[in-house]
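Reading the structure
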Amino acid sequence: MNELNEETLREMIERAKKAANNAYSPYSKFKVGAAVLSGERQIFAGCNVENASFGMTICAERNAIFQSVAHGARKILAVVIYTPTAEPTAPCGACRQVINEFGPSAEVICVCDGKNSARWTLSQLLTNAFGPNNL
Ligand code: THU
């Protein structure tokens, strides 16, 4: 994808790491930060926010996407996910479905504290997705 040059990717990783610092995860102790690149090339970030009623937890990816939508940016070109782990962490199924709504062709890049990273297109992560065109 052309929009995602090295500089933009670096900036997105930076934003995702910053957001992970703000993760509210007293129950799992698992911090996640995400940054999305909108169609207007703006970056929006989010972290996971847990709740004493565990099911109310929101993942970092969905938080970042909702930030984007709240700012009127409904097209997602790329999602960066950072976890302070040795290996990259792929997004959960619920987040894949929500990414599909706004970025069916988005790039998903997962980074961590180790040297490995992972990169997929959303359609690789969610084949034959159910989406707006099915309604
Ligand atoms: N989590 C995310 O933020 N994103 C994912 O894709 C997977 C899971 C969060 C939710 C919860 O706060 C913690 O990680 C453990 O599941």
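None of these values were measured; they are calculated from a predicted model.

About the cut-offs
- Residues numbered from 1 in each chain as written.
- Predicted model: local features only at pLDDT ≥ 70, side-chain atom pairs only at ≥ 80, totals over all residues.
- Heavy atoms only, no water.
- Pairing = 2+ DSSP bridges.
- Helix = DSSP H or I, 4+ residues; strand = E, 2+ residues; numbered from the N terminus.
- Axes fitted to C-alpha atoms, helices over the stretch in contact; angles between N-to-C directions.
- Contact = heavy atoms within 4.5 Å.
- Salt bridge = Lys/Arg side-chain N within 4 Å of Asp/Glu carboxyl O.
- Buried < 20%, exposed > 50% of the residue type's maximum accessible area, 1.4 Å probe, protein only.
- Near = heavy atom within 4 Å.
- Polar contact = N/O pair within 3.5 Å; in protein donor to acceptor, adjacent residues only side chain to side chain.
- Nonpolar A, V, L, I, M, F, W, Y, C, P; charged D, E, K, R; others polar.

1. Section: the sheet that holds strand β3 (residues 76-82)
Read from one edge to the other, the open sheet built from five strands follows the order β2-β1-β3-β4-β5, with strand pairing classed as mixed. At either margin of the open sheet sits one strand with a lone partner, and together these are β2 (43-47) and β5 (118-121). Strand after strand, the sheet turns through a mean of 15° between neighbouring axes, direction not considered. Pairing geometry for strand β4 (residues 107-111) and β5, over four bridges, is antiparallel. Bridge pairing links Cys 110 to Ala 118 in β5. Packing of helix α1 (residues 6-21) onto the sheet brings it into contact with β1 (33-38), β2, β3, β4 and β5, and relative to β1 it is tilted by some 140°.

2. Description of the pattern of salt bridges
Counting across every chain of the model gives one salt bridge. Taking the shortest distance from any N to any O, the salt bridge between Arg 119 and Glu 107 comes out at 3.3 Å. Remark: Glu 107 occurs in strand β4 and Arg 119 occurs in strand β5; sequence separation between them is twelve residues. The exposure class of Arg 119 is partly exposed, given its relative accessible area of 43%.

3. Examining the site of the ligand
In the vicinity of the ligand, the residues found are Ser 28, Phe 30, Val 32, Asn 48, Glu 50, Thr 57, Cys 59, Ala 60, Glu 61, Pro 91 and Cys 92. Note that an oxygen atom of the ligand is positioned 2.9 Å from one of the backbone N or O atoms of Ala 60. Glu 61 is positioned with one of its side-chain polar atoms (N or O) 2.7 Å from an oxygen atom of the ligand. Taken together, the residues that form the shell around the ligand break down as six nonpolar, three polar and two charged.

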